[in-house]
Amino acid sequence: MPLMKPLTQEFSFLGFGKHRSSKFRFSKLLPLLLILIAIYLFLELAWPKRFLLPVLFGESVFCVNTPDKVLALTFDDGPDPVYTRAISQILLDYEAQGTFFVLGKHSEKYPQIVRTLQKQGHEIGNHTWHHYNLNSKFNDTIYQEISETDILIDKLISPDNVYFRPPFGRAGFAVTNVLKQIHKPIIFWDVDLQDWHGKSAAEMMKIFENNFHNGSIVLLHDSDGTAKKGVYASRHNTLEVVEKILKVYTPQGYEFVTISELLKRGNAVKVKERCFQK
Ligand SMILES: [Zn+2]
């Protein structure tokens, strides 16, 4: 009986021995692979400014750099028979224009609202068909969600151009790449009034006053919803804050325009942090 086990047997867990090269390579590669997965998950899910990927690899718009007193109010998730109509009436009262990022499934149900919005001078944008988090979908589904909604919008109002905003503002590698292929920039926002979070009209007005500037894109919602953690996100608050904003700022010379019009007034700002100059 030998006094010592052969070296290869003793240290086989380190990758020495018969299968040395493959085990060695794997043990070296595993930490690297884990680091790459961690970086990917961080960028996709946990990065506080979750807009990094479209900023780096795609075309994103957060606001417009302009000396003009112009702003774009945008409304996601509609059309809704109650709230979209109410919002369009308020906009009409103040001769303001807005952009409605509609869902395909809602537009199919309420086609007349989409047509009326266009007749009143508002812009219709694409917010996908179902409102899935596209980061959890494969390329085929992402493409389908966007193209089917585009086809419906085209059938209803034949617009020259349809801008796109991803649900939840989430655009990872796959979403960014699909949009690049179909030559659509991603329209984000620089002022989020958090009506999706159940904020009161007064709270939203404060957020607006503290954050808006010339060329801002303001995020709002015109479809009924329940906010995170079960807080009911009343769209009545959205109606109230839209009216307040228009009532206070229209007499001060501010103009509320569509995304297309806003983009004509200045250069698109691709990084959100560069939007905060009053
Ligand atoms: Zn949405």
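Let me begin by describing the structure that accompanies this report. (Residues numbered from 1 in each chain as written. Predicted model: local features only at pLDDT ≥ 70, side-chain atom pairs only at ≥ 80, totals over all residues.)

Re the overall build of the protein
Regarding its fold elements, the protein presents eleven helices and twelve strands. The buried share of the protein, reckoned over its 278 residues, is 36%. Within the protein, contacts between residues at least 6 apart in sequence are counted, and of these 78% link residues at least 24 apart. (Helix = DSSP H or I, 4+ residues; strand = E, 2+ residues; numbered from the N terminus. Buried ≥ 20, exposed ≤ 12 C-beta atoms within 10 Å, placed from the backbone. Contact = placed C-beta atoms within 7 Å.)

A word on helix α4 (residues 83-93)
Listed in full, the buried residues belonging to α4 are Y83, T84, I87, S88 and L91. An end-on view of α4 places all buried positions within 130° of arc, on one side of the element. Counted as exposed and oriented over 90 degrees from the buried face of α4: Q89 and D93. Immediately downstream of α4, the backbone of E95 shows phi near 50°, a positive value. (Arc of directions from axis to C-beta.)

As for the pairing of strand β4 (residues 98-102)
Among the five residues in β4, five count as buried, and that is most of the element. Where burial is concerned, the two faces of β4 agree: the one with G98, F100 and V102 and the one with T99 and F101 are both buried. As paired elements, strand β3 (residues 70-76) and β4 share four bridges and run parallel to each other. Looking at β4, one finds that L73 is bridged to G98. (Pairing = 2+ DSSP bridges.)

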